[in-house]
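# Understanding the architecture of this molecule
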Amino acid sequence: MSPRLRLGVLGSGKGSNFVAIADAIRERNLPVEVALVISDVPDAGILQHAKDRGIAARFIEPGRFRTKLDEESEVAYTSALREAGVEWVALAGFMRILKGEFLRAFPGRVLNIHPSLLPSFPGLEAWRQALDYGVKVTGCTVHLVDQGIDTGPILAQRAVPVHPDDTPSTLHARIQQAEKLAYPAVIETIARSELRVRGRLTGGVPGNVTGL
Ligand code: GRF
């Protein structure tokens, strides 16, 4: 049997992507262990979901900035992940930008999920941006994190339609259904050593593009 992939998950919110990942690991018996969940929000739902599943979960102070970790916190986050033996990190609704030291600690091994078909609509509330722009198709993207904001190599994308009567919340809910398929598929591909990355060009993740 191949060794288990040790995954760390960072999130700030309710944790539906974490739940999808944890459930896929269990149901498909994937060779993955979520070694640690960290949140920058003390009462984030993601921490409770982890504890409910017997997975180590910690709130770690994010420091003095609003949109990123300060230097001290960055060290605290990377040390905690390293101590837990984490090899890959999945950002699952983590609302702070990670740069520099953190990315150097896990080179090419930090994943993010974004609620649009990148490179369209990077940044905040991508579902609202898509609705305001008037696109007829949007979706989600799982990508490697690089120094930019939502700019790293794309690993998986799933499309969803935009309906004429959509509100920001109905569209976001539809995108989140797609996210629950896309993120576990990427993690399964990594765990099976089937992910291929050459610069921006990547391959190996099944099920891309399929609409809901
Ligand atoms: C998701 O829509 C994700 O795309 C975005 O933040 C949301 C996180 O939701 N980055 P959850 O905490 O996984 O439920």
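As the structure is a prediction and not an experimental result, all values here were calculated from the model. As a convention, each chain's residues are numbered from 1 in the sequence order in which they are written. Totals for whole chains, interfaces and linings use every residue, but because this is a predicted model, local features are given only for residues with pLDDT of at least 70 and side-chain atom pairs only at 80 or more, for both listing and counting. The basis for every side-chain value is the complete set of heavy atoms in the structure, and neither hydrogens nor water enter the calculation.

## Thoughts on the site of the ligand
What counts, and what does not: Any residue with a non-hydrogen atom lying within 4 Å of a molecule or strand is treated as near it. Counted as a polar contact is a pair of N or O atoms within 3.5 Å, where, for protein atoms, one must be capable of donating a hydrogen and the other of accepting one, and residues adjacent in sequence contribute only when both atoms are in side chains. A 1.4 Å probe and the Shrake-Rupley method give the accessible areas. Residues count as covered only by the protein chains that appear here. Each residue is assigned to one class: nonpolar for Ala, Val, Leu, Ile, Met, Phe, Trp, Tyr, Cys and Pro, charged for Asp, Glu, Lys and Arg, and polar for all the others, Gly among them.
Around the ligand, the neighbouring residues are G13, K14, G15, S16, N17, G93, I113, P115, H172, Q176 and E179. Note that an oxygen atom of the ligand is positioned 2.9 Å from one of the backbone N or O atoms of N17. A distance of 2.4 Å separates an oxygen atom of the ligand from a polar atom in the side chain of E179. Isolated, the ligand exposes 370 Å² of accessible area, and the fraction of that covered by the protein chains is 89%. Residue classes in the shell around the ligand are distributed as two nonpolar, seven polar and two charged.

## Focus on the pattern of salt bridges
Just so we agree on the cut-off: Salt bridge criterion: a side-chain nitrogen from Lys or Arg within 4 Å of a carboxyl oxygen from Asp or Glu. Exposed residues in this analysis have more than 50% of their type's maximum accessible area, buried residues have under 20%, and partly exposed residues fall in between, with area computed by a 1.4 Å probe over protein chains only.
All told, the structure shown has twelve salt bridges when counted by the stated rule. Residues E188 and R192 are paired through a salt bridge, measuring 3.0 Å at the closest nitrogen-oxygen approach. Relative accessible area serves as the criterion here: at 18%, E188 is assigned to the buried category. Residue R192 is classed as partly exposed on the basis of its relative accessible area of 38%.

## Regarding the packing of helix α5 (residues 126-133) against helix α6 (residues 168-191)
Heads up, the rule is: Between N-to-C directions, angles span 0 to 180 degrees; the directions come from axes that are lines fitted to C-alpha atoms, helices contributing only their stretch in contact. The numbering of helices and of strands both runs from the N terminus, where a helix is a DSSP run of H or I of at least 4 residues and a strand a run of E of at least 2. To sort the angles, those under 35 degrees are grouped as roughly parallel, those over 145 as roughly antiparallel, those from 65 to 115 as roughly perpendicular, and the leftovers as oblique. In a left-handed crossing the near helix is turned counterclockwise from the far helix by less than a right angle, and in a right-handed crossing that turn is clockwise. Here, residues are in contact when the closest pair of their heavy atoms is within 4.5 Å.
Remark: α5 packs on α6, axes separated minimally by 9 Å, with the N-to-C direction vectors making an angle of 120°. Classified by the angle between their axes, α5 and α6 sit oblique to one another. By crossing handedness, the relation of α5 to α6 is classed as right-handed. For the pair α5 and α6, the contacting residues are W127, R128 and L131 in the first and P168, L171, H172 and I175 in the second.

## Focus on the nonpolar core
Selection criterion: Think of a nonpolar core as a cluster: buried Ala, Val, Leu, Ile, Met, Phe, Trp, Tyr and Cys residues, connected wherever their side-chain atoms sit within 4.5 Å.
Of all hydrophobic cores here, the largest spans 42 residues; its most connected members are L7, V9, F18, V37, L111 and Y183. Ranked by the residues each element gives to this core, the list is headed by α6, at ten residues. With 21 residues, the next largest nonpolar core counts I38, V86, F102 and L103 among its residues.

## Comments concerning the side chain of H143
Within the fold, H143 resides in strand β6 (residues 137-144). Look at H143 and you get buried, because its relative accessible area is 2%. Once residues within four sequence positions are removed from consideration, H143 is found in contact with V110, L111, N112, H114, L118, D150, T151, G152, P153, I154 and L155.

## Side note on the environment of R174
Of note, R174 is situated in helix α6. Put simply, R174 and G139 are 35 residues apart on the chain and 8.4 Å apart in space, counted from C-alpha to C-alpha. Within the structure, the side chain of R174 is placed 2.7 Å from the side chain of D166, a separation counted as a polar contact.

## Here's the deal with α5
Note the following rule: Directions from the helix axis toward the C-beta atoms define the arc.
Along α5, the residues classified as buried are A126, W127 and A130. In an axial view of α5, the angular spread of the buried residues amounts to 105°, which keeps them on one side of the axis. Lining the buried residues of α5 we find β5 (110-114), β6 and α6. In the segment just after α5, G134 is the residue with positive phi, at about 90°.

## A few points about unusual backbone geometry
In this structure, P119 follows L118 across a cis peptide bond, with omega equal to 10°. We note that N29 has phi near 55°; this positive angle belongs to a residue other than glycine. Its place among the elements puts N29 in the loop between α1 (16-27) and β2 (32-39). The backbone of F121 shows a phi angle near 60°, a positive value even though the residue is not glycine. Tracing the sequence through the fold places F121 in the loop between β5 and α5. The exposure class of F121 is buried, given its relative accessible area of 13%.

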